[in-house]
Amino acid sequence: MIGAASLAFGAVVAVVFGTWLFRRVRGGRPADERESFERHREAQAREPPVELGDVHEAGVVDFSRHHTGERHAVCKVEGFVVFVEDVPADLEVADVVRFKLLSFNRGHTSATATYLEIVS
């Protein structure tokens, strides 16, 4: 007959395997989180399509709050995220702005820029 220790070990193995299988089938992460993670990995693997000092125009896709509480416009240049600071309070999503790139983040996956003007 099978001992109690063998049954307990078998139960632990079954639970671990079941958990692994469930995560494998489900993907391990919610779809939005997986998509965001994949986009971040792709951004790390490519060179930024912009250079420091460049002036660009782009539409505002969203707004974010810097850790200081300052409101930044989120723009994209060829899919590359640029956080534009010093934006006017009346700026809205879909407005097109001109900005100058100031710096990259540590992994060069996004950049910070300063607002120059709204484009009519």
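Residues numbered from 1 in each chain as written. Predicted model: local features only at pLDDT ≥ 70, side-chain atom pairs only at ≥ 80, totals over all residues. Heavy atoms only, no water.

## Some details on the pattern of salt bridges
(1) Moving on: For the structure on display, the rule yields three salt bridges.
(2) Moving on: Linking E117 and R98 is a salt bridge whose minimum nitrogen-to-oxygen distance equals 1.9 Å. One end of the pair, E117, is in strand β5 (residues 110-118); the other, R98, is in strand β4 (residues 96-104), and 19 residues separate them in sequence.
(3) Moving on: On the accessibility criterion, E117 (35% relative accessible area) is partly exposed.
(4) Moving on: Overall, the relative accessible area of 24% leaves R98 in the partly exposed class. (Salt bridge = Lys/Arg side-chain N within 4 Å of Asp/Glu carboxyl O. Helix = DSSP H or I, 4+ residues; strand = E, 2+ residues; numbered from the N terminus. Buried < 20%, exposed > 50% of the residue type's maximum accessible area, 1.4 Å probe, protein only.)

## Focus on the packing of aromatic side chains
(1) Moving on: One pass over the full model with this rule turns up one aromatic pair.
(2) Moving on: Note that R71 overlies the ring of F63, its terminal NZ or CZ placed 3.7 Å from the centroid. (Phe/Tyr/Trp six-rings, centres within 6.5 Å; stacked < 30°, edge-to-face > 60°. Lys NZ or Arg CZ within 6 Å of the ring centre and 35° of its normal.)

## Observations concerning the pairing of strand β1 (residues 55-65)
(1) Moving on: Pairing analysis gives five bridges linking β1 to β4, with the strands arranged antiparallel. Paired with G59 across the two strands is V96, which belongs to β4.
(2) Moving on: Sheet topology note: the β1/strand β2 (residues 71-77) ladder contains five bridges and is antiparallel. Paired with V60 across the two strands is C75, which belongs to β2.
(3) Moving on: The antiparallel hairpin formed by β1 and β2 contains five residues in its connecting segment, where G69 sits at a positive phi of about 95 degrees. (Pairing = 2+ DSSP bridges.)

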